[in-house]
Amino acid sequence: MAINIIFIFFCFLLPCCLAEEEPTRLPPLLIIHRNGTIERDNTILSLPFGMLVPPSPNDTQTGVSSKDITIIPTTNVTARIYLPKLTNPSEKIPILLHFHGGGFCIGSPFAKGDFDYLNHLSSQANILVVSVNYRLFPDYQLPTAYIDAWSALKWVASQKCGGAESWIVDHGDFTKIFVAGDSAGGNIAHNVIVWAGKEKLPNDVNVVGAILATPLFFGSKPLASESTNIIQPPVDQVWKYVCPSCEGGIDSPYLNPFGPGAPSLTQLGCKKLMVFVAEKDSLRSRGVWYYEGIKASGWTGEAFLYEGKGVDHVFQIANGPEHPETKKMIERVVEFVKN
């Protein structure tokens with residue numbers, strides 16, 4: 001009898017128990033365990049573009065110098081700064097504040113994909129780049145990342161008068177400040193320029209332009225293409241974890257700039273805006289929707305839309321700077337910054 005009970009346990013009951021303990025996975029972002037524990041899916045760290053790499057005092061391909069610094073000591077927010085090779089030591093160049101992607105859960109300004117892309121962008125556009133290591137879920141829920149991003153922009157502006165970061169103080173042109181980001185970083189960039197439209201930056205600094213690459217936006221009302229395209233990971237499922245206190249759920253103004261209760265975008269805190277979408281990206285239609293909504297909002301700035309052909313989400317990071325579509329993207333960013 002005892003043998004039969006053991007047999008039944010191992011053959012039928014144990015597999016059921018183990019199945020109940022299987023976590024819910026939202027690749028490539030999160031693993032949610034049955035006991036309520038949430039951990040980050042670190043698969044990206046094993047991918048070529050996701051591996052963490054150190055800064056370089058002199059990049060062999062571009063001549064760009066980079067270093068890592070702490071920009072907000074109270075919250076331990078750090079950044080990687082890129083300085084292109086300058087022919088004139090006293091030259092003042094535009095400043096680009098960059099936010100990496102990763103669904104507010106993963107990604108890093110120290111990842112190889114970001115490092116390679118920003119090295120080339122800094123060199124070709126002749127801009128000083130500050131790539132922010134904002135705090136991520138599950139260690140911190142939103143709106144922490146937005147607060148870090150705004151604090152980083154204020155930190156950049158504070159360098160204009162009595163700043164301590166020599167690269168920015170000596171070489172930054174504070175009349176030409178841009179913000180940029182891809183995926184969740186593009187979403188952050190949007191929310192930063194909304195904030196900049198409501199609150200003044202230190203030292204009368206203003207944001208000239210914003211560059212959003214395959215930005216992450218969503219809403220409860222599906223777009224036509226979203227009924228056929230499967231978005232992975234599901235934005236609504238991820239959002240309920242990363243921003244559980246956000247009013248409106250997936251129609252929170254953070255995620256849906258045109259949803260109920262969203263602030264007017266007529267006072268968007270920049271003069272021009274560039275949006276990149278990718279032909280194969282399941283979020284492509286949201287990027288177009290965002291661009292068209294901005295154009296129709298009454299905002300008086302200039303907006304531009306470009307599409308990467310035959311490429312997917314965050315193509316400039318995943319495919320590298322030598323990919324033809326990444327080269328085209330960098331060319332357009334150069335033109336956007338210089339004009």
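Located above this text is the structure these notes cover.
Residues numbered from 1 in each chain as written. Predicted model: local features only at pLDDT ≥ 70, side-chain atom pairs only at ≥ 80, totals over all residues. Heavy atoms only, no water.

A. Examining the packing of aromatic side chains more closely. Following the criterion strictly, the structure yields 11 aromatic pairs and no others. With a centroid separation of 5.9 Å and an interplanar angle of 65°, the aromatic rings of F104 and Y146 are classed as edge-to-face. One end of the pair, F104, is in the loop between β6 (93–99) and α2 (112–125); the other, Y146, is in helix α3 (residues 144–158), and 42 residues separate them in sequence. We classify F104 as buried; its relative accessible area is 3%. Taking the centre distance of 6.3 Å and the plane angle of 40° together, the rings of F258 and Y290 count as tilted. (Phe/Tyr/Trp six-rings, centres within 6.5 Å; stacked < 30°, edge-to-face > 60°. Helix = DSSP H or I, 4+ residues; strand = E, 2+ residues; numbered from the N terminus. Buried < 20%, exposed > 50% of the residue type's maximum accessible area, 1.4 Å probe, protein only.)

B. Layout of the environment of L97. Locating L97 in the fold gives a position in strand β6. Residues L97 and K338 lie 241 residues apart in sequence; the distance between their C-alpha atoms is 16 Å. Those residues within four positions of L97 in sequence are excluded, and the remaining contacts are V130, V132, A149, A152, L153, V156, F178, V179 and A180. (Contact = heavy atoms within 4.5 Å.)

C. Region of the structure containing the state of the cysteines. Taken as a whole and judged by the stated rule, the model has one disulfide. C243 supplies the cysteine sulfur nearest to C105, a cysteine that is in no disulfide, at a spacing of 11 Å. In this structure C105 comes out as buried when scored by relative accessible area, which is 0%. (Disulfide = S-S within 2.5 Å.)

D. Fine view of the side chain of S122. Note on placement: S122 falls in helix α2. With residues up to four places along the chain from it excluded, the contact list for S122 reads V64, Y82, L83, P84, I127 and V129.

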